[in-house]
Amino acid sequence: MFSERQVLNMLKDLCLINGTSGDEGRVRDYIIAQIKDYCEYRVDALGSVIAFKKGKKTPAEKVCFNAHMDEVGFIITGITDEGYLRFSEVGGIDPRVCLDKVVSIGENGVSGVIADKALHLLEKDEKDKSPSLDNLLIDIGANSKDEAEKFVHLGDFAYFKSDYYEFGNGFVKAKALDDRVGCMLLIELIKSDLEYDTTFCFNTQEEVGLRGAKCTSFAVQSDISVILEATTASDLDGVTGSDRVCVLGDGPVISFMDRRTVYNKELYSLALDTAKENGIKAQVKTAVAGGNDAGAIQQSGKGCKVLAISLPCRYIHSASSVLKLEDIDSTRKLINSLLDKLYD
């Protein structure tokens, strides 16, 4: 139904939209524009989108697909007398990926640079340590607090300012690939012809505690939920064995457990068996780490069987996250192969 270029253009659009936890409105508007002619939908009090796609049949069990709209970012917490901005992270961000990065701040997109003390001013013990976010500032080129306050206000969100581009042998780099790639896959499913009635949730505030999913899962009360995500790949030079967690190019990542969820064993096996039967690359996540909306969904209401299908992603939660395009295609093939089996 979609050409590869159409799909990648959609992914690019989604990644370039700013939308941290609690500020997902622009992402939501884009998604609604894409799906409104293909399904029924509503927006809940936390801003999540709950969509219902009518299929050819009504299943005995309710199935829901989930992805989250928010990305990690920053929020302005103070302004110094010299005009620099103090900030806190929104979601989990390693301070090491912040140094010298350009950010976009507030509704007007004020540009700034995340700054630290100059190298030659660091004490010996400071040179061997990662900087604390508490010690970093954003420089917007203001000379005073009064001048900075003309452009920026406390509570403004800030985002990594980062281009989307394809490089190397089928790789793509962008901010917010976690989890705009999941949103893209959900949009594709909604626009396709489905055999069974299916619900879709585009959740808010995943990065700060799975908050949107707590509400949508309570409202939907699905029997089976599939979470489409991005997860950390550590397939770097010098990292071997299970420490790599997952590998770009080896297909979607199926989790048996993470820090928030013990996944349904039948669904876990079904996903791996389906991949094998159809000659689709897939891999098992080799670490009990991280978490996603499944942690909230499986505990909602009467409880729910959950399955996580994730894209391996290098440098996640940074300005330069990296996916491999063939993994997107393999994930799409696995989802399509699973569709009918989930309703059996």
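Source: prediction; values computed, not measured.

## Remarks on empty space enclosed by the protein
To find leftover empty space, a probe the size of one water molecule is rolled over the atoms.
Thinking step 1. The full count for this structure, using the stated rule, is two cavities of 30 Å³ or more.
Thinking step 2. Taken as a whole, the largest cavity spans an internal volume of roughly 70 Å³.
Thinking step 3. Around the largest cavity sit E71, V72, F160, K175, A176, L177, D178, H317, S318 and S321, which together line it.
Thinking step 4. In terms of residue class, the lining of the largest cavity is built from four nonpolar, three polar and three charged.
Thinking step 5. Where the lining of the second largest cavity is concerned, the elements lending two or more residues are β3 (63-68) and α6 (211-220).
Thinking step 6. In terms of residues, the lining of the second largest cavity owes the most to one element, α6, which gives three residues.
Thinking step 7. For the lining of the second largest cavity, a count of residues per class yields four nonpolar, five polar and no charged.

## A look at the pairing of strand β7 (residues 110-115)
Thinking step 1. Here β7 shows one buried face, formed by V110, G112 and I114, and one open face, formed by S111, V113 and A115.
Thinking step 2. By the bridge criterion, four bridges tie strand β6 (residues 102-105) to β7 in an arrangement that is antiparallel. Within the sheet, the bridge partner assigned to I105 lies in β7 and is V110.
Thinking step 3. What sits between β6 and β7 in their antiparallel hairpin is a turn of four residues, with G106 showing a positive phi close to 70°.

## Topic: the pattern of salt bridges
Thinking step 1. Enumeration over the complete set of coordinates arrives at 18 salt bridges.
Thinking step 2. Two residues, D23 and R26, come together in a salt bridge whose shortest N-O distance is 2.9 Å.
Thinking step 3. According to the relative accessible area criterion, D23 is buried, its value standing at 15%.
Thinking step 4. K341 is the salt-bridge partner of E277, the closest N and O atoms lying 2.5 Å from each other. Here E277, found in helix α7 (residues 265-277), pairs with K341, found in helix α9 (residues 325-342); they are 64 residues apart in sequence, far enough to count as distant.
Thinking step 5. By relative accessible area, E277 is classed as exposed at 57%.

The rules behind the values
Residues numbered from 1 in each chain as written. Predicted model: local features only at pLDDT ≥ 70, side-chain atom pairs only at ≥ 80, totals over all residues. Heavy atoms only, no water. 1 Å grid on protein atoms, 1.4 Å probe; cavity = no way out; pocket = protein on both sides within 12 Å on 5 of 7 lines; lining within 4 Å. Points joined across faces, edges and corners; volume = space filled by probe spheres on them. Nonpolar A, V, L, I, M, F, W, Y, C, P; charged D, E, K, R; others polar. Helix = DSSP H or I, 4+ residues; strand = E, 2+ residues; numbered from the N terminus. Buried < 20%, exposed > 50% of the residue type's maximum accessible area, 1.4 Å probe, protein only. Pairing = 2+ DSSP bridges. Salt bridge = Lys/Arg side-chain N within 4 Å of Asp/Glu carboxyl O.

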